[in-house]
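One letter stands for each residue in the lines below.
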There are 2 protein chains.
Amino acid sequence: MSQIFERLVPYLEKHMALQTALALLDWDDATLAPKEAGEYTAKVIGILSQEDFVCLMNPQVKKILEELETDKTMDSTEQAIFRKVRKQFRKNEAIPKEEKRAYAELKARSQKAWEEAKKEQDFSIFAPYLEKMIAYGKKFAAYGASDGQEGYDVLLDDYEEAFPVEVLDSFFEKLKKEIIPLLRKIQQQPPIDDSFLYLEYDVEKQKEFNRFLAEYVGFDWNRGVMAESAHPFTTSWHNHDVRITTHYYKNQLASAIFSTIHESGHAIYEQGIEDCYTQTVLGEGASCGIHESQSRFMENIIGRSRAFWIPIYKKLVETFPEQLGEVSLDQFVAAINRVKADEIRTEADELTYCLHIMVRYEIEKMMINEEVSAEELPKIWNEKYQEYLGVTPENDAVGILQDVHWSMGDIGYFPSYALGNAFAAQIYARMKKEMDVEAELSAGNIGAIRDFLHRTVHRYGALKEAREILLDATGEEFNPDYFIEYLKEKYQKIYGIS
Amino acid sequence: MSQIFERLVPYLEKHMALQTALALLDWDDATLAPKEAGEYTAKVIGILSQEDFVCLMNPQVKKILEELETDKTMDSTEQAIFRKVRKQFRKNEAIPKEEKRAYAELKARSQKAWEEAKKEQDFSIFAPYLEKMIAYGKKFAAYGASDGQEGYDVLLDDYEEAFPVEVLDSFFEKLKKEIIPLLRKIQQQPPIDDSFLYLEYDVEKQKEFNRFLAEYVGFDWNRGVMAESAHPFTTSWHNHDVRITTHYYKNQLASAIFSTIHESGHAIYEQGIEDCYTQTVLGEGASCGIHESQSRFMENIIGRSRAFWIPIYKKLVETFPEQLGEVSLDQFVAAINRVKADEIRTEADELTYCLHIMVRYEIEKMMINEEVSAEELPKIWNEKYQEYLGVTPENDAVGILQDVHWSMGDIGYFPSYALGNAFAAQIYARMKKEMDVEAELSAGNIGAIRDFLHRTVHRYGALKEAREILLDATGEEFNPDYFIEYLKEKYQKIYGIS
């Protein structure tokens, strides 16, 4: 081990321990903690977060990082850790302390305003906070600007390195050109019958089936926990303790099923990281987009395929004979792939999901790189929804107020969701060259697919950057054409469009 | 607020936040965490514990504590916090750093040796570690010795202030004189039939009944959680988040029931502490003994009384009609009070429980105040069991190796269990002067009993010391006669002995 790097280790270990505690406090708060604990937990989280901040942002760490700039004795893992910590240090250091404090306070108030605005269906309650968030976004972008990176690109880089506006513009232009016309054609077809997915489904039986499902796709109970929360999520402190949640609805069968597969996709990634990165800053996914590629791959490309359900649909029918006894495998597969251009992102189908992201991407770009006031945004939002999805939100609660992200200052996050879908399709194209994916799935051999993902993506954790992982896994740079081809082929077939 | 005290607050808050995280990590590890997480969690706990230690044990805190010695501006709460922190500081400071590190390492190895010894039924595996633990106990007692306190008294003071050997000797002598002869008479009676408690009881139904039971005795779900773990326990980060566990056995009905009532007794105490102590070092029970008095009060004095079961036995029978349909209330109450002098403390009945503690107390006193080698102890243990309880353990695993405490260096803890029983009886005697406890219980009005405990004990948290609480609640100093009278009256009646 590099002798200079060695001096960094105690700071990294304390950071890891505090991060673990913070993640556990969050998980516990979302899944188990009693009702009245919330405000006291918030206080504990505040103190430990501050402690964590001071642990990494201090003159000793700064000095070590400076010394490491010219250190030639680090191995590749140490180098990757150094780069990650240095990036975080620089981003944090660039923002003056007082602004950080004011921003933290704004965030807390902004989220409450957003909740209130959503509840009251009144954007004007949230507008002044969003206005300030946009101003902070611009400021932070200016602070973080460096050679060849400015404006919105600086914020995008927080969530996904090396995927700036230039790349995203070209990606979304292709989507616009190819997917919107396809959607229009689908919208002229008679809708697929999926009414049987909305019968009454006993929640206890759903739980049992979803536990089976998580295990079937590869979730390892020896290093994982599954629980319930209002909104499904995955959290992980290291590859030996990865946790997912699902939310069950009595009148919806598909919701929990695809949440479970989605979160299991995230979890299998985390569980598959190699032990040499455990409890280091590399012991997590490479980026938001790569993480989302793994969850979406499992949820959509695998979980909504006919081949996936061939070996296990029988089990689902046996669990719910009254509701599904008369429903054929083909009817079921058609129903779980029904395209419904709707106003809500989180309920969107695979085809239209990225169009929801496109609306947000274009608006974020305007926020940071142009002059737009918060008050104008609902109108812009609604127009874009009409143009791309062919729907106009009934009110702002199901329109511009639907997502929490902007109220938390997360501007630049959304595009990584879309990138995740495109990464997944590119990886899928490569996988199909190496194996007969449908045949493996039909034979119940999902392990072969997981092995491919483990070998090319999971094992590395955050050692490699997203772009490098994609290049090594698929043999080429990011290419959104795979995603567009995948969507066109799949949905033309489902809807009988040539 | 005292200006000097104010400077202590940031240290106290950080300590509180770290303690919360540590308690949550422990809880999670015992109830939910996946199998493989253990060793990684241990590392996190190690780092955060060290952080917590440094937070309170440093020159700044020492200086503030010294200044507070002569500060006249503290209010009573600040004074109590000051006293508690100072005591901890002094005890910690007295032990040289290197010894503390060596001791921590010994503890880890000692526990593993104890587990191994217990599994192999071979005391010799644990003997060398116990020998070292005794040596450390003597050293720590010497370091902590002060005016009028030395030897075993110093260790006792860690768990229960103001109850030294002098007080305990007199307590246990009375027990010996009165309870052992009563036990001999009971052992000559025909045993009570409790076979129906060991039929097969569906675990899901047990869970349902135990949730009802926790709520019935006063557990507040808005500020509490109930889960399962191998060994039942209560933990609390503050009065708005108190957690209990139970363990269910398919072939034992009473085990979970009395665990639930016992842990609920602890929990109601913690939940009942006033908000002004929340997230301070006073926001916990006054002492081990007072805590145990509240759990034992609920479990034994209330939970094993006939009056308690009058309003709810019907519900238990309805839950298990096949097993209990033919069992009368009186048969049930007799069965849950059956005296069985046995070798295992944790399974002991109310009458013999303190005799188990007496064995440990006498041995601990020998360990610290006399010269005894670890190797001699199993023989001494077995002889005392024969003398007091009339049984000789079959092997050391169910003899001297049964409890984890000594392997963890907890010498001086056991007596607080016995004191808890005696405190409970003294409080009960006082309560009976104020209300007709049986009538209230029979009417299902357990709230009246809880109110008394809340008013006299719970609300104060650790503001008062144990002795002060007892004095204020009962109007007199500790008097073990109440406990002895309570036991004699109850068990003479149950066994028809005059």
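Residues numbered from 1 in each chain as written. Chains lettered and ligands numbered in written order. Predicted model: local features only at pLDDT ≥ 70, side-chain atom pairs only at ≥ 80, totals over all residues. Heavy atoms only, no water.

**Description of the overall build of chain A**
Secondary structure assignment for chain A yields 22 helices and three strands. Relative to the 2.2 N^0.38 estimate, which gives 23 Å for 498 residues, the radius of gyration of chain A is 23 Å and therefore close to what a compact globule would have. With the C-alpha coordinates of chain A rotated into their principal frame, the extents come out at 70 × 50 × 50 Å. Of all 498 residues assigned to chain A, the portion counted as buried reaches 57%. (Helix = DSSP H or I, 4+ residues; strand = E, 2+ residues; numbered from the N terminus. Rg over C-alpha atoms; globule rule 2.2 N^0.38 Å. Buried < 20%, exposed > 50% of the residue type's maximum accessible area, 1.4 Å probe, protein only.)

**Some points on the environment of G496 of chain B**
Along the chain, G496 of chain B turns up in the segment after α22 (481–494). C-alpha of G496 of chain B to C-alpha of Q189 of chain B: the two residues are 307 residues apart in sequence and 9.1 Å apart in space.

**Considerations on the nonpolar core**
F171, F308, W309, L316, L324 and F332 of chain B are the most contacted members of the largest nonpolar core, which has 124 residues in total. Core analysis: the next-biggest nonpolar cluster, separate from the first, contains 123 residues, F209, Y361, L401 and F423 of chain A among them. (Core = buried A, V, L, I, M, F, W, Y, C linked by side-chain atoms within 4.5 Å.)

**Some points on the interface of chain B and chain A**
Listed per partner, the contact involves 35 residues of chain B and 35 residues of chain A. Between chain B and chain A lies a buried interface of about 3100 Å² when both sides are counted; carbon and sulfur atoms form 64% of it. Linking chain B with chain A are eight salt bridges, by the criterion used here. We note a salt bridge from E13 of chain A to K43 of chain B, for which the minimum N-O separation is 2.9 Å. Of all the elements in the fold, those that place two or more residues in the side of chain B that touches chain A are α1 (3–31), α2 (38–56), β1 (224–228) and β3 (241–246) of chain B. The dominant element in the side of chain B that touches chain A, judged by the number of residues it contributes, is α1 of chain B, at 11 residues. (Contact = heavy atoms within 4.5 Å. Buried area = accessible area lost by both parts, 1.4 Å probe. Salt bridge = Lys/Arg side-chain N within 4 Å of Asp/Glu carboxyl O.)

**Re the relation of the copies chain B and chain A**
Least-squares fitting of chain B to chain A yields an RMSD of 0.0 Å, with the superposition described by an axial translation of 0.0 Å and a rotation of 180°. Within this description, the copies of the chain are treated as partners about a two-fold rotation axis. When C-alpha distances to the rotation axis are compared across chain B, the minimum falls at A21 of chain B, with a value of 2.9 Å. The share of interface residues of chain B whose copies in chain A are also at the interface is 100%, consistent with both copies meeting through the same surface. (Least-squares fit on C-alpha atoms with pLDDT ≥ 70 in both.)

**So, the pattern of salt bridges**
Within the structure shown, the criterion is met by 86 salt bridges over all chains. Close ionic contact of E51 of chain B with K14 of chain A constitutes a salt bridge, the shortest N to O distance being 3.0 Å. Highlighted residues: E51 of chain B in helix α2 and K14 of chain A in helix α1 (residues 3–31), drawn from two different chains. By the burial criterion, E51 of chain B is buried, and K14 of chain A matches it. One salt bridge in this structure joins K63 of chain B and E67 of chain B, with 2.9 Å as the shortest N-O distance. In this pair, K63 of chain B and E67 of chain B are both assigned in helix α3 (residues 59–68), four residues apart and thus about one turn of the helix distant. Connected through salt bridges with shared partners, the residues K87, K91, D157, D158 and E161 of chain A form a single ionic network.

**Brief notes about the side chain of H240 of chain A**
With respect to the helices and strands, H240 of chain A occurs in the loop between β2 (234–238) and β3 (241–246). Within the structure, the side chain of H240 of chain A is placed 2.8 Å from the side chain of D275 of chain A, a separation counted as a polar contact. Side chain to side chain, H240 of chain A and Y40 of chain B meet in a polar contact 3.2 Å long. Once you skip the residues sitting within four places of it in the chain, H240 of chain A turns out to touch N222, R223, D275 and T278 of chain A together with P34, E36, A37 and Y40 of chain B. (Polar contact = N/O pair within 3.5 Å; in protein donor to acceptor, adjacent residues only side chain to side chain.)

**A look at the sheet that holds β1 of chain B**
Residues and elements named next belong to chain B. An order of β1-β3-β2 is seen for the three strands of this open sheet, with the pairing classed as mixed. Because the sheet does not close on itself, it has two edges, and the strands there are β1 and β2 (234–238). For this sheet the average axis-to-axis angle between neighbouring strands, irrespective of direction, equals 15°. Relative to β3, β2 runs antiparallel, the two being bridged by four bridges. Considered in β3, the bridge of S236 is made with V242. Set on the sheet, α1 makes contact with β1, β2 and β3; between it and β2 the angle comes to about 150°. (Pairing = 2+ DSSP bridges. Axes fitted to C-alpha atoms, helices over the stretch in contact; angles between N-to-C directions.)

**Looking at the sheet that holds strand β1 (residues 224–228) of chain A**
Residues and elements named next belong to chain A. Read from one edge to the other, the open sheet built from three strands follows the order β1-β3-β2, with strand pairing classed as mixed. Strands with a single pairing partner mark the edges of an open sheet, and in this sheet they are β1 and β2. Direction aside, neighbouring strands of the sheet carry axes that sit 15° apart on average. Here helix α10 (residues 254–271) sits on the sheet in contact with β1, β2 and β3, set at roughly 170° to β3.

**A look at the side chain of Q279 of chain B**
Position of Q279 of chain B among the secondary structure elements: in the loop between α10 (254–271) and α11 (288–302). Overall, Q279 of chain B belongs to the buried group, its relative accessible area being 10%. Of the polar contacts made by the side chain of Q279 of chain B, one reaches the backbone oxygen of Y40 of chain A; its length is 3.1 Å.

**Digging into unusual backbone geometry**
One non-glycine residue, A162 of chain A, adopts positive backbone phi at about 70°. Looking at the secondary structure, you find A162 of chain A in the loop between α7 (152–159) and α8 (165–188). A positive phi angle, near 60°, is found at Q279 of chain B, a position not held by glycine.

**Observations regarding the packing of helix α9 (residues 203–217) of chain B against α10 of chain B**
Residues and elements named next belong to chain B. At a minimum axis separation of 9 Å, α9 and α10 run at an interaxial angle of 30°. You can see that α9 and α10 cross each other, and the crossing is right-handed. Counted together, Q206, F209, N210, L213, A214 and V217 of α9 and A256, I257, T260, I261, S264 and I268 of α10 form the full contact between these two elements. Class assignment for the residues of the contact of α9 with α10 results in eight nonpolar, four polar and no charged. (Left-handed = near helix turned anticlockwise from the far one by under 90°. Nonpolar A, V, L, I, M, F, W, Y, C, P; charged D, E, K, R; others polar.)

**Some words on helix α7 (residues 152–159) of chain B**
Of all eight residues making up α7 of chain B, seven are buried, and the element is well covered by its neighbours. Of the surrounding secondary structure, the elements contacted by the buried residues of α7 of chain B are α4 (76–94), α6 (123–144), α8 (165–187), α11, α16 (353–369) and α18 (414–434) of chain B.

**What about the packing of aromatic side chains?**
A complete count under the given rule lists 62 aromatic pairs over all chains for this structure. A ring pair is formed by Y216 of chain B and F308 of chain B, whose centres lie 5.8 Å apart and whose planes are at 65°; its orientation type is edge-to-face. With Y216 of chain B in helix α9 and F308 of chain B in helix α12 (residues 306–309), the pair connects residues that are 92 residues apart, well separated along the chain. What links up through ring pairs into an aromatic cluster is the set Y152, F163, F171, F172, Y361, F423, F478 and F483 of chain A. A cation over a ring is seen here: K139 of chain A above Y136 of chain A, with NZ or CZ 5.1 Å from the ring centre. A cation sits over an aromatic face here: R296 of chain A above Y353 of chain A, 4.0 Å from the ring centre. (Phe/Tyr/Trp six-rings, centres within 6.5 Å; stacked < 30°, edge-to-face > 60°. Lys NZ or Arg CZ within 6 Å of the ring centre and 35° of its normal.)

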